[in-house]
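Understanding the architecture of this molecule
Read off the chains here:
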Amino acid sequence: MTVSIRAAEGCVPCAFGDGIAIFDTSSNSYFSMNAVGEFVWSQLDQPITLEDLVGRVADRYRIEPTVCEGDIRKLVDDLAAHRLVTLS
């Protein structure tokens, strides 16, 4: 089964240093990410699979998907744990 990832409702992104901060209106908390995290977040406005997300990051930063897959998977897991993304 393929899982789709999408930004959760009620999350408001804003510039923060060299990256982004996501304000979760339901918990009144912030989650900050670096520039790569900002790029990942920008891809989550529509449902996307982990495989496609890894491919886009690899293309953007001109690296092999195997180099970034673990980090992207961890980021998505962290976002899901903080209820900033929905998985379906």
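A brief report on the enclosed structure follows. Because the structure is a prediction, the values reported are computed rather than measured.

Rules and cut-offs
- Residues numbered from 1 in each chain as written.
- Predicted model: local features only at pLDDT ≥ 70, side-chain atom pairs only at ≥ 80, totals over all residues.
- Heavy atoms only, no water.
- Buried < 20%, exposed > 50% of the residue type's maximum accessible area, 1.4 Å probe, protein only.
- Helix = DSSP H or I, 4+ residues; strand = E, 2+ residues; numbered from the N terminus.
- Polar contact = N/O pair within 3.5 Å; in protein donor to acceptor, adjacent residues only side chain to side chain.
- Pairing = 2+ DSSP bridges.
- Axes fitted to C-alpha atoms, helices over the stretch in contact; angles between N-to-C directions.
- Core = buried A, V, L, I, M, F, W, Y, C linked by side-chain atoms within 4.5 Å.
- Contact = heavy atoms within 4.5 Å.
- Phe/Tyr/Trp six-rings, centres within 6.5 Å; stacked < 30°, edge-to-face > 60°.

1. Considerations on helix α1 (residues 35–42)
All of the buried residues in α1 are Gly37, Phe39, Val40 and Trp41. The opening residue of α1, the one whose side-chain oxygen lies 3.0 Å from the backbone nitrogen of valine 36, is asparagine 34.

2. Here's the deal with the sheet that holds strand β3 (residues 19–24)
One open sheet accounts for three strands, arranged β2-β3-β4; its pairing is antiparallel. Edge strands, defined here as strands with exactly one partner in the open sheet, are β2 (11–16) and β4 (29–33). Strand-to-strand twist across the sheet, computed as the mean angle between neighbouring axes with direction ignored, equals 25 degrees. Strand direction decides the pairing type here: β3 and β4, joined by five bridges, are antiparallel. Each residue of the ladder has a partner; that of alanine 21, found in β4, is serine 32.

3. Quick look at the nonpolar core
Within the largest apolar cluster, 24 residues are counted, with the highest numbers of intra-cluster contacts made by Ile5, Met33, Trp41, Leu44, Leu53, Ile72 and Leu79. Where this core is concerned, the elements lending two or more residues are β3, β4, α1, α2 (50–61) and α3 (65–81). The contacts of tryptophan 41, once residues within four sequence positions are left out, are Ala7, Cys11, Pro13, Ile20, Ile22, Met33, Leu79, Leu84 and Val85.

4. Some remarks on the packing of aromatic side chains
Evaluated as defined, the whole model comprises two aromatic pairs. When the centroid spacing of 4.9 Å and the interplanar angle of 45 degrees are considered together, the rings of phenylalanine 23 and tyrosine 30 count as tilted. Accessibility expressed as a relative area gives 21% for phenylalanine 23, which makes it partly exposed. Judged by its relative accessible area of 58%, tyrosine 30 falls in the exposed class. A ring pair is formed by phenylalanine 39 and tyrosine 61, whose centres lie 6.1 Å apart and whose planes are at 90 degrees; its orientation type is edge-to-face. Of this pair, phenylalanine 39 sits in helix α1 while tyrosine 61 sits in helix α2, placing them 22 residues apart in sequence. Owing to a relative accessible area of 12%, phenylalanine 39 belongs among the buried residues under this scheme.

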